[in-house]
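Tertiary structure, described
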Amino acid sequence: MNWSCKFIVFLFFKSLGIFAIGLATFLVSTVVVGYYKSYYPFLLTKPFPFLVGHLIIFSWLIGGVIYSYYKVIRTKPGSVPLGLKTTGQINRIKQGYSKKYRYCKKCDYIKPPRSHHDSVTGKCVLKMDHYCVWINDCVGHYNHKFFLQFLTYCCLGCLYVVLCTFPPFLVDIGFLKPSSTSNQNYEKCGILFIICLVCLISVSFLLFWHTYLTLTNQTTIEYYENKERKAYCNENGLIYKNEYDMGKRNNWNWFFELKENDSWWKFLFNFKTISNDGITYPRVNSTKKSENIL
Ligand SMILES: [Zn+2]
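If you check an unreviewed UniProt entry, the protein appears there as Palmitoyltransferase from Anaeramoeba flamelloides. The protein has a UniProt comment under Sequence similarities (unreviewed entry) that states "Belongs to the DHHC palmitoyltransferase family."

Given below as structure tokens:
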């Protein structure tokens with residue numbers, strides 16, 4: 001692909017990304033306005049603790065959606081640092097004397113373990129997962145955690161609104177009779193129910209997929225690589241094991257940088273920047289705690 005084609009691809013994805021971020025912001029705003037316009041009047045007819053409880057839950061979930069989305073957009077996935085190798089060492093690798101290191105011809109860099117070249121941004125990305133138009137960037141080492149938090153808050157927020165607006169939706173389609181004391185706008189609640197149900201179904205597939213990847217310590221790219229390696233090993237009577245898989249709980253704690261005694265759900269409140277450098281990773285089969293490529 002020549003430079004003009006690369007530039008057109010880059011421009012197309014960046015424009016699509018700006019549109020997608022605008023659409024996501026519009027959807028979140030629609031849900032917030034819709035909730036206060038259609039469901040809030042119903043809450044006002046209920047006892048005060050019921051009203052406050054609902055407002056706390058909604059504020060927490062919508063706050064989580066907005067903050068995690070902000071974090072995932074603002075956090076760069078992580079690029080390969082310069083100076084991983086000396087010129088002499090790189091020349092040896094180029095000439096084929098050393099097979100130990102992964103090398104990116106496009107960037108002229110040594111690729112650390114788990115990093116891959118992204119054709120949209122034209123850079124090598126640390127622990128690259130995929131290019132996501134919804135964040136207009138790659139999901140990689142530093143922002144994958146926020147991406148999973150965003151998916152979780154989206155699903156929880158949508159589930160909450162779906163559960164709240166389901167009875168008024170049934171009234172709107174004529175399945176239930178309207179309550180004489182309720183002042184809900186059934187039609188608006190019905191629209192809100194459909195928007196959130198569609199979002200819930202679409203996002204939950206992504207959430208399940210990325211939760212599975214986190215629990216098995218793989219990226220989407222590695223999943224397909226590991227699948228091929230597993231098939232090769234099966235054909236040759238060998239047993240393949242992902243060298244980064246430390247067990248579900250350890251993988252989860254490592255991914256979100258939780259402490260050993262922390263509850264699994266604490267990931268929802270942990271918005272700290274990842275401290276791991278993305279160059280070294282703990283390996284199960286390694287005698288050392290981590291394998292350094294330097
Ligand atoms: Zn590269």
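Anyway, onward from the coordinates.
**Side note on the overall build of the protein**
Counting its secondary structure elements, the protein contains seven helices and eight strands. Within the protein, the proportion of its 294 residues that are buried is 26%. A separation of at least 24 residues holds for 67% of the contacts in the protein among residues at least 6 apart in sequence.

**So, helix H6 (residues 220-235)**
End to end, H6 covers 23 Å across 16 residues, agreeing with the expected 22 Å (1.5 Å per residue, within 8%). Positive phi shows up at Gly237, right after H6, with a value of about 70°.

**Some remarks on the environment of Ile66**
Tracing the sequence through the fold places Ile66 in helix H2 (residues 48-74). When the 17 C-beta atoms within 10 Å are taken as the criterion, Ile66 is described as partly exposed. Each C-alpha atom, one on Ile66 and one on Val28, is 8.1 Å from the other, the two residues being 38 residues apart in sequence.

**A few points about the UniProt feature "transmembrane region" (unreviewed entry) in the protein**
The sites that carry the UniProt feature "transmembrane region" (unreviewed entry) are, in the present numbering, residues 7-36, 48-70, 150-170 and 190-209. Helix makes up 100% of residues 7-36 and strand 0%, with an end-to-end C-alpha separation of 44 Å. Taken end to end, residues 48-70 has its terminal C-alpha atoms 32 Å apart, with 100% of it in helix and 0% in strand.

**Details of the nonpolar core**
Residues Phe147, Phe150, Cys154, Cys158, Val161, Leu192 and Cys196 are the most contacted members of the largest nonpolar core, which totals 36 residues. Contributing elements (two or more residues each) for this core: helix H1 (3-43), H2, strand S2 (109-111), strand S4 (123-125), strand S6 (137-139), helix H4 (144-172) and helix H5 (186-215). Among the elements that line this core, the one with the most residues is H4, at 13 residues. The residues touching Leu192, leaving out its near neighbours within four places in the chain, are Val31, Gly34, Tyr35, Ser38, Val161 and Thr165.

**Structural notes on the environment of Ser204**
When you line up the elements, Ser204 lands in helix H5. Among the residues examined, Ser204 registers 15 C-beta atoms within 10 Å and is labelled partly exposed. It is 6.2 Å that separates the C-alpha atoms of Ser204 and Cys155, two residues lying 49 residues apart in sequence.

**Some details on the environment of Leu43**
When you line up the elements, Leu43 lands in helix H1. A count of 19 C-beta atoms within 10 Å places Leu43 in the partly exposed class. Along the sequence, Leu43 and Leu55 sit twelve residues apart, while their C-alpha atoms lie 9.0 Å from each other. Here Leu43 is in contact with Leu51 and His54, once residues within four sequence places are set aside.

Cut-offs applied
- Per chain, residue numbering runs from 1 following the sequence as it is written.
- Confidence filtering applies because this is a predicted model: local features only for residues at pLDDT of at least 70, side-chain atom pairs given and counted only at 80 or more, and all residues used for totals across whole chains, interfaces and linings.
- UniProt positions are given in the numbering used here, feature names are shortened, and annotations may be inferred rather than shown by experiment.
- Note on conventions: DSSP H or I runs of at least 4 residues are helices, E runs of at least 2 residues are strands, and numbering of each starts at the N terminus.
- Residues are called buried when their C-beta atom has 20 or more other C-beta atoms within 10 Å, exposed when it has 12 or fewer, and partly exposed otherwise; all C-beta atoms are positioned from the backbone.
- A pair of residues counts as a contact when their C-beta atoms, built from backbone coordinates, are separated by no more than 7 Å.
- Each helix should span, by expectation, one fewer than its residue count multiplied by 1.5 Å.
- The term nonpolar core refers to a set of buried Ala, Val, Leu, Ile, Met, Phe, Trp, Tyr and Cys residues connected through C-beta atoms within 7 Å.

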